[in-house]
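Fold and contact review
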Amino acid sequence: MSNSKISTETFKVPPSGNGGGKLFDVYPLNDITITKALGSYVWDDQGIQYLDMYGGHAVISIGHTHPHWVKRIEEQLAKIAFYSNSIHIPLQQQLADKLAKLSGKEDYQLFLVNSGAEANENALKLASFHTGKKKIVAFTKGFHGRTSLAVAATDNPKIIAPVNETDNVDFLPFNDEAALKSYFQTKGKNVAAVIIEGIQGVGGINIATDSFLQLIRRLCDQHEAVYIADSVQCGYGRSGMFFAHDYAGVNADIYTMAKGMGNGFPVGGILIAPHIKPKHGMLGTTFGGNHLACAAALAVLEVIEEEKLIDIAKQRGMYLLNRLKAIDGIENVRGRGLMIGFDVPDELKELRKKLLHDFYIFTGEAKPNVIRLLPALTITRKQVDEFLDTLKEAIEELKTPPSPSRNDRDETKGEKEKFAVEDAS
């Protein structure tokens, strides 16, 4: 085998859009191209700096391109990036040990996958294997992914194809204890699993009450069903506890994880209680738990531990929540830790667009009128204040007729931000 260098001239990439290929157009896109990121800031191809209060759908947990995360991945990449789950991969056990320590689920078993949908898919499948039953209980406004079982348990008919339709999933009102009790009284013997987010993300930052989660635990115990805690978005310290479900003081049988688990590297997993026993061939994945994914996930946990990010998420979140509640114009501020949402009245319906295009701040949304905040757990107090001050300014501008000097200020700000990217290099 030749070790000679291959000229990069052989692999010239054609200009974007001129190669004859076409992307399947399913994403409504902002006309922004991000080319650089650091901490809680990102920069576009024009050099303009944005404050990232959304973390790419809650994915960025320890900050963009955290140096320890980058180093871990680079060092692993120089050794081996991938081999299949047909051999020992010690990094998987290291990840299981670190995750058990930080999450407090020290006797749970880890199965590694690649995404949140895959985590929930395997959790639901495992629950059915374990119980021998078919019925799944899910809740209104819940979102669990877009694969077959996960999407069937998601409360959005628009993304459920005919092949995904099933009578095996029943939806109940979120946080309605009477409805849950009534359902189990008549159908409890058929329930394989109850799946619930500790804080609904896509549904609009709706917090599962402690008493509701405690009731789920009791009913699952009584009827030999599996309690699945979907922690894909609300887990990994974002809520101010490792899992948002832990506020209720009871353990789930299975915890599903992804998003913040890899800080942008595709990785997911499920933590499985010890009474659920594995069998060879029961679950499987080609890429799940590969060397590079484990290195990225280990780096995230090491930074969370070293920088005490769960405590910081709780403190920063409390500060942000309280300050938001004092701002006139927004309504129903709620959340835990750095998973926060608020309602936007009709007169401010353009607020999210204004924050992005006029003030260069990324936020998230939930239909019909919710702005979601999911920043990195490393966000600083100064950056939180920057957001709050800008939010108030944006609200004031939406309530006031536009000023003739608006364009002048935008040009000045744009030039300033272009230089900022050079300073951060």
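All chains use their own residue numbering, which begins from 1 and follows the written sequence. Where local features are concerned, this predicted model is filtered to residues with pLDDT of at least 70; where side-chain atom pairs are given and counted, the filter is 80 or more; whole-chain, interface and lining totals use all residues. Computation of side-chain values: all heavy atoms of the structure, hydrogens and water removed.

1. Side note on the overall build of the protein chain
A tally of regular secondary structure across the protein chain gives 12 helices and 17 strands. Its C-alpha atoms give the protein chain a radius of gyration of 23 Å, within 12% of the compact-globule value 22 Å for 425 residues. If one aligns the C-alpha atoms of the protein chain with their principal axes, the spans along those axes are about 65 × 65 × 45 Å. Note on classification: 1.4 Å probe, protein chains only; a residue is buried when its accessible area is under 20% of the maximum for its type, exposed when over 50%, partly exposed between these limits. Put simply, the protein chain has 425 residues, and 51% of those count as buried. Here a residue-residue contact requires only that any non-hydrogen atoms of the pair lie within 4.5 Å. Long-range pairs, those at least 24 residues apart, make up 74% of the contacts in the protein chain with a sequence separation of at least 6. Runs of H or I in DSSP of at least four residues are treated as helices and runs of E of at least two as strands, each being numbered from the N terminus. Values of the radius of gyration come from C-alpha atoms, whereas the globule rule sets the reference at 2.2 Å times the count of residues to the power 0.38.

2. Some thoughts on the packing of helix α6 (residues 177-187) against helix α7 (residues 210-223)
The axes are straight lines fitted to the C-alpha atoms, using for helices just the contacting stretch, and the angles between their N-to-C directions are given from 0 to 180°. Relative to each other, α6 and α7 sit at 5 degrees, their axes nearing to 10 Å. Viewed along their axes, α6 and α7 adopt a mutual orientation that is roughly parallel. Residue-level inspection shows Glu177, Leu180, Lys181 and Phe184 of α6 in contact with α7, the latter providing Ser211, Phe212, Leu215, Ile216, Leu219 and His223. Looking at the contact of α6 with α7 residue by residue, the classes come out as 6 nonpolar, 2 polar and 2 charged. For classification, angles of less than 35 degrees are called roughly parallel, those exceeding 145 degrees roughly antiparallel, those between 65 and 115 degrees roughly perpendicular, and all remaining angles oblique. All residues other than Ala, Val, Leu, Ile, Met, Phe, Trp, Tyr, Cys, Pro, Asp, Glu, Lys and Arg, Gly among them, are scored as polar; the first ten of these are nonpolar and the last four charged.

3. Some thoughts on the sheet that holds strand β2 (residues 41-44)
When DSSP finds at least two bridges between two strands, those strands are taken to pair. Taken together, the 4 strands give an open sheet; going across it, the order is β1-β2-β3-β15, and neighbouring strands pair in mixed fashion. One side of each edge strand has no neighbouring strand; the edge strands of this open sheet are β1 (34-38) and β15 (361-362). Two strands pair when backbone bridges link them, and β1 and β2 are joined in this way by 4 bridges, in the antiparallel orientation. Directly across from leucine 38, in β2, lies its bridge partner tyrosine 41. Sitting on the sheet, helix α11 (residues 381-399) is in contact with β2, β3 (49-52) and β15, with an inclination near 100 degrees to β3.

4. Remarks on the pattern of salt bridges
One side chain can pair with another of opposite charge once the charged atoms of both are near each other. One speaks of a salt bridge when a side-chain nitrogen belonging to Lys or Arg is within 4 Å of a carboxyl oxygen belonging to Asp or Glu. Inspection of every chain in the model, using the stated rule, returns 14 salt bridges. Residue aspartate 221 is joined to arginine 217 by a salt bridge in which the shortest nitrogen-to-oxygen separation is 2.8 Å. Linking aspartate 221 with arginine 217, this pair stays in helix α7, spanning 4 residues, or about one helical turn. Salt-bridge contacts for glutamate 397 lead to lysine 354; the nearest nitrogen and oxygen are separated by 3.3 Å. Taken together, the residues glutamate 397 in helix α11 and lysine 354 in helix α10 (residues 351-357) connect sequence positions 43 residues apart. Look at glutamate 397 and you get partly exposed, because its relative accessible area is 23%. One salt-bridge network, held together by shared partners, links Lys98, Lys101 and Glu305.

5. Some remarks on the packing of aromatic side chains
A pair of aromatic rings is counted whenever rings of Phe, Tyr or Trp (Trp by its six-membered ring) have centres within 6.5 Å, and the orientation is called stacked for planes under 30 degrees apart, edge-to-face for over 60 and tilted otherwise. Going through the model one piece at a time under the given rule, you end up with 11 aromatic pairs. Pairing tyrosine 41 with tryptophan 43 gives two aromatic rings, centres 6.4 Å apart and planes at 45 degrees, and the pair type is tilted. For the pair shown, tyrosine 41 and tryptophan 43 are each scored as buried. Considering the side-chain rings of tyrosine 50 and tyrosine 360, the 5.6 Å spacing of their centres and the 90 degrees angle between planes classify their relative orientation as edge-to-face. With tyrosine 50 in strand β3 and tyrosine 360 in the loop between α10 and β15, this pair connects stretches of sequence that are 310 residues apart. Neither residue differs from the other here; tyrosine 50 and tyrosine 360 are each classed as buried. An aromatic cluster is present here, built from Tyr108, Tyr236, Phe242, Phe243 and Tyr255 joined pairwise through their rings.

6. Describing the sheet that holds strand β7 (residues 191-197)
In space, the 7 strands of this open sheet follow the order β4-β12-β11-β10-β7-β5-β6, with mixed pairing throughout. Two strands bound the open sheet, and with one partner strand each, they are β4 (109-113) and β6 (169-172). Ignoring strand direction, the axes of neighbouring strands in this sheet form an average angle of 20 degrees. Of the pairings in the sheet, the one linking β4 to strand β12 (residues 268-272) comprises 5 bridges and is antiparallel in character. In the sheet register, glutamine 109 faces β12, and the bridge partner there is isoleucine 272.

7. Let's talk about the packing of helix α9 (residues 309-325) against α11
At a closest axis distance of 11 Å, the pairing of α9 and α11 adopts a crossing angle of 15 degrees. Classified by the interaxial angle, the pair formed by α9 and α11 is roughly parallel. The interaxial crossing formed by α9 with α11 has right-handed handedness. Counting all contacts with α9, which are made through Arg316, Tyr319, Leu320, Arg323 and Leu324, the residues of α11 involved are Arg381, Val384, Asp385, Phe387, Leu388, Asp389, Leu391 and Lys392. Left-handed describes a crossing whose near helix is turned anticlockwise from the far helix through less than a right angle; right-handed describes the clockwise counterpart.

8. Focus: unusual backbone geometry
Negative phi characterises most residues that are not glycine, and trans characterises most peptide bonds. In this model, lysine 367 is joined to proline 368 through a cis peptide bond whose omega is 5 degrees. Tracing the chain through its elements places proline 368 in the loop between β16 (364-366) and β17 (370-373). Not every positive phi belongs to a glycine, and lysine 259 is a case in point at roughly 35 degrees. Located in the positive-phi region is asparagine 332, a residue other than glycine, with phi close to 50 degrees. For asparagine 332, the location among the structural elements is in strand β13 (residues 331-336).

9. Remarks on the pairing of strand β11 (residues 254-257)
Because side chains alternate across β11, one face comprises the buried residues Ile254 and Thr256, and the other comprises Tyr255 and Met257, equally buried. When strand β10 (residues 226-230) meets β11, the two strands line up parallel, connected through 3 bridges. If you follow alanine 229 over to β11, its bridge partner there is tyrosine 255. When β11 meets β12, the two strands line up antiparallel, connected through 4 bridges. By the bridge assignment, isoleucine 254 is partnered in β12 with isoleucine 272.

10. Side note on the nonpolar core
By size, the foremost hydrophobic cluster in this structure holds 85 residues, and its most contacted members are Leu324, Leu351 and Phe387. The element contributing the most residues to this core is helix α8 (residues 291-306), with 11 residues. Setting aside residues up to four positions removed in sequence, phenylalanine 387 forms contacts with Leu51, Met53, Leu320, Leu324, Leu355, Ile361, Thr363 and Leu373. Remark: nonpolar core denotes a set of buried residues (Ala, Val, Leu, Ile, Met, Phe, Trp, Tyr, Cys) joined through side-chain atoms within 4.5 Å. Among the nonpolar cores identified, the runner-up in size contains 22 residues, and Ala119, Val169, Val226 and Ile276 belong to it.

Any link to function would need more than the numbers given here.
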